[in-house]
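Next come the chains, spelled out residue by residue.
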Amino acid sequence: MEILGFALRRLLVAVPVLLVSTFLIFLTVAGSGDPLTELRERQPPVPPETIAAEEVRLGLNHPVLERYWHWLTGVVQGDFGPSVNRNASIAVEIGTRLGVTMRFVLVAMLVAAVLAILVGVVSAVRQYSWLDHLFTSAGFLFLAMPSFWLAILLKQGGIQFNRATGTDTFYMIGDRSVPPPPGFLAQLADVAGHMILPTVTLVLIHFAVWSRFQRSSMLEVLNSDYVRLATAKGLPRRTVLRKYALRTALTPLITVIALDFTAVFAGAVITETVFQWRGMGDYLLSSINARDVNAVMAWLLVAALAVMVFNLVADILYATLDPRIRHVR
């Protein structure tokens, strides 16, 4: 019950922050350009009546503050507003594409976090050993790689591997085959196969950063007085590492992972572009090119909600690892 109350308090704080952020983002997006520029510049010219009707449909004939209020009340009811593309529903597009993006973002974050913890703990426990030097070198190598360059490198490597083996082990384009293979298990394997290279791209980039944080945090905890006291009392080494050191050392890493979600999401946009996925990244870029204000706002709202959820999960994990945090108001 304490954790539930703690989570509710954090949620109540997050809601006003979300409202303020949506207002500021709406003002920025609304002032970024005219969604009807392409329509106004067509040759032969479009009749003024058509342009005026489109302004009314998109709500551009109202002041910005009134437009924001209409957008906000619509979002509460599940309506993200009209899209520049008459044949597309923003809610349907977001719902479809969010599932495509999140399935490899969540897997990548989970794998990267597990690897970071394992590598960080081993590097700290065996400080300055050949394993520590190996993991440190690998971490700095992946840390120095831009995500788009690593994605292209892995894509080219996958192409060369397929050519050399005469197989389709790695998939380079799309999030699934078209048409899909028959059978549920075959479709599941097809989706998993398309996820390999994009997921590995995100894992390598973020694992490199997180493992360095985990190593530093673990070293600091191992050198603390209470860990030395537990060791001096004759407690088994594994018990000291697992029960005393690791539990405390995880708190900074949780903070980094929660704050890094926006970077993972941004990396997903680049990765989806390289592997030509029809996910949230593709939708954002196409919406920006079309100056589709409502579509961009919907994308940013979903991203803000995801960040809020991840920070809430991080707060709950804090309270689980350190019960003292539950009483912080």
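On a predicted model such as this, the values are computed, not experimentally measured, just so you know.

**As for a nonpolar patch on the surface**
On the surface, Val 20, Leu 24, Leu 27, Val 64 and Leu 65 cluster together into a nonpolar patch covering about 420 Å² of accessible area. In terms of residues, the nonpolar patch owes the most to one element, helix α1 (residues 2-30), which gives three residues. When you line up the elements, Val 64 lands in helix α4 (residues 64-76).

**A word on the UniProt feature "domain: ABC transmembrane type-1" (unreviewed entry) in the protein**
Within this structure's numbering, the places UniProt gives as "domain: ABC transmembrane type-1" (unreviewed entry) are residues 98-318. Counting secondary structure, residues 98-318 comes out at 82% helix and 0% strand; the distance between its end C-alpha atoms is 27 Å.

**Re the UniProt feature "transmembrane region" (unreviewed entry) in the protein**
The residues that UniProt annotates with the feature "transmembrane region" (unreviewed entry) are residues 12-31, 104-122, 134-154, 191-210, 244-270 and 296-321. Secondary structure over residues 12-31 splits into 95% helix and 0% strand, and the C-alpha atoms at its two ends are 30 Å apart. Along residues 134-154, the helical share is 86% and the strand share 0%, with 21 Å between the first and last C-alpha atoms.

**Let's talk about helix α10 (residues 237-259)**
The end-to-end C-alpha separation of α10 is 32 Å, in line with the 33 Å expected for 23 residues at 1.5 Å each. Along its length, α10 shows its largest kink, about 45°, at Leu 246. When we look at burial in α10, the residues that qualify are Val 240, Leu 241, Ala 245, Ala 249, Leu 250, Leu 253, Ile 254, Val 256, Ile 257 and Ala 258.

**Let's talk about the layout of surface pockets**
Its volume calculated, the largest pocket comes out at about 330 Å³. If you tally residues by element for the lining of the largest pocket, the top one is helix α5 (residues 90-125), at six residues. Here the residues of the lining of the largest pocket sort into 15 nonpolar, no polar and no charged. The calculated volume of the second largest pocket comes to roughly 280 Å³. In terms of lining, the second largest pocket is formed by 19 residues, of which the most central are Leu 58, Gly 59, Gly 81, Pro 82 and Asn 294. Those elements that place two or more of their residues in the lining of the second largest pocket are α3 (48-58), α4 and α13 (293-321). When residues of the lining of the second largest pocket are assigned to their parent elements, the largest contribution, four residues, is made by α4.

**Digging into the nonpolar core**
General note: in soluble globular proteins, nonpolar side chains tend to be found buried as a group. Counting residues in hydrophobic clusters, the biggest one holds 57 residues, and the most contacted among them are Trp 71, Val 105, Trp 210 and Trp 299. When contributions to this core are tallied by element, the ones reaching two or more residues are α1, α4, α5, α8 (184-222), α10, α11 (261-275), α12 (280-289) and α13. Counting residues in hydrophobic clusters, the runner-up holds twelve residues, among them Val 121, Leu 219, Ala 230 and Ala 245.

**Quick look at the pattern of salt bridges**
For the structure on display, the rule yields seven salt bridges. Between Arg 97 and Glu 93 there is a salt bridge, with its nearest N and O atoms 2.7 Å apart. Of the two residues, Arg 97 and Glu 93 both sit in helix α5, four residues apart, roughly one turn of that helix. When the shortest N-O distance is used, the salt bridge between Arg 97 and Asp 282 registers 2.8 Å. Separated by 185 residues along the polypeptide, Arg 97 in helix α5 and Asp 282 in helix α12 bring together distant segments of the chain.

**What to know about the environment of Gly 267**
With respect to the element layout, Gly 267 can be found in helix α11. Look at Gly 267 and you get buried, because its relative accessible area is 7%. As for Gly 267 and His 206, which are separated by 61 residues in sequence, their C-alpha atoms are 9.6 Å apart.

**A word on the environment of Thr 167**
You can see Thr 167 is positioned in the loop between α7 (147-165) and α8. For Thr 167, a relative accessible area of 34% translates into the label partly exposed. Taking the C-alpha atoms as reference points, Thr 167 and Arg 57, 110 residues apart in sequence, are found 51 Å from one another. Polar contacts involving the side chain of Thr 167 include one to the side chain of Thr 165, which spans 2.7 Å.

**With respect to α12**
Where α12 is concerned, the buried positions are Met 280, Gly 281, Tyr 283, Leu 284 and Ser 287. Considered in projection along α12, the buried side chains sweep an arc of 165° and stay on one side of the axis. Downstream of α12 by a residue or two, Arg 291 has a phi angle that is positive, lying close to 55°.

Here is what the cut-offs are and how they apply
Residues numbered from 1 in each chain as written. Predicted model: local features only at pLDDT ≥ 70, side-chain atom pairs only at ≥ 80, totals over all residues. Heavy atoms only, no water. Patch = residues over 30% accessible without salt bridge, like charges linked within 9 Å, V, L, I, M, F, W, Y side chains within 5 Å. Areas by Shrake-Rupley, 256 points an atom, 1.4 Å probe, with all protein chains shown as cover. Salt bridge = Lys/Arg side-chain N within 4 Å of Asp/Glu carboxyl O. Helix = DSSP H or I, 4+ residues; strand = E, 2+ residues; numbered from the N terminus. UniProt positions renumbered as here; feature names shortened; annotations may be inferred. Expected span 1.5 Å × (residues − 1). Bend = angle between axes of the 7 residues up to and from the residue. Buried < 20%, exposed > 50% of the residue type's maximum accessible area, 1.4 Å probe, protein only. 1 Å grid on protein atoms, 1.4 Å probe; cavity = no way out; pocket = protein on both sides within 12 Å on 5 of 7 lines; lining within 4 Å. Points joined across faces, edges and corners; volume = space filled by probe spheres on them. Nonpolar A, V, L, I, M, F, W, Y, C, P; charged D, E, K, R; others polar. Core = buried A, V, L, I, M, F, W, Y, C linked by side-chain atoms within 4.5 Å. Polar contact = N/O pair within 3.5 Å; in protein donor to acceptor, adjacent residues only side chain to side chain. Arc of directions from axis to C-beta.

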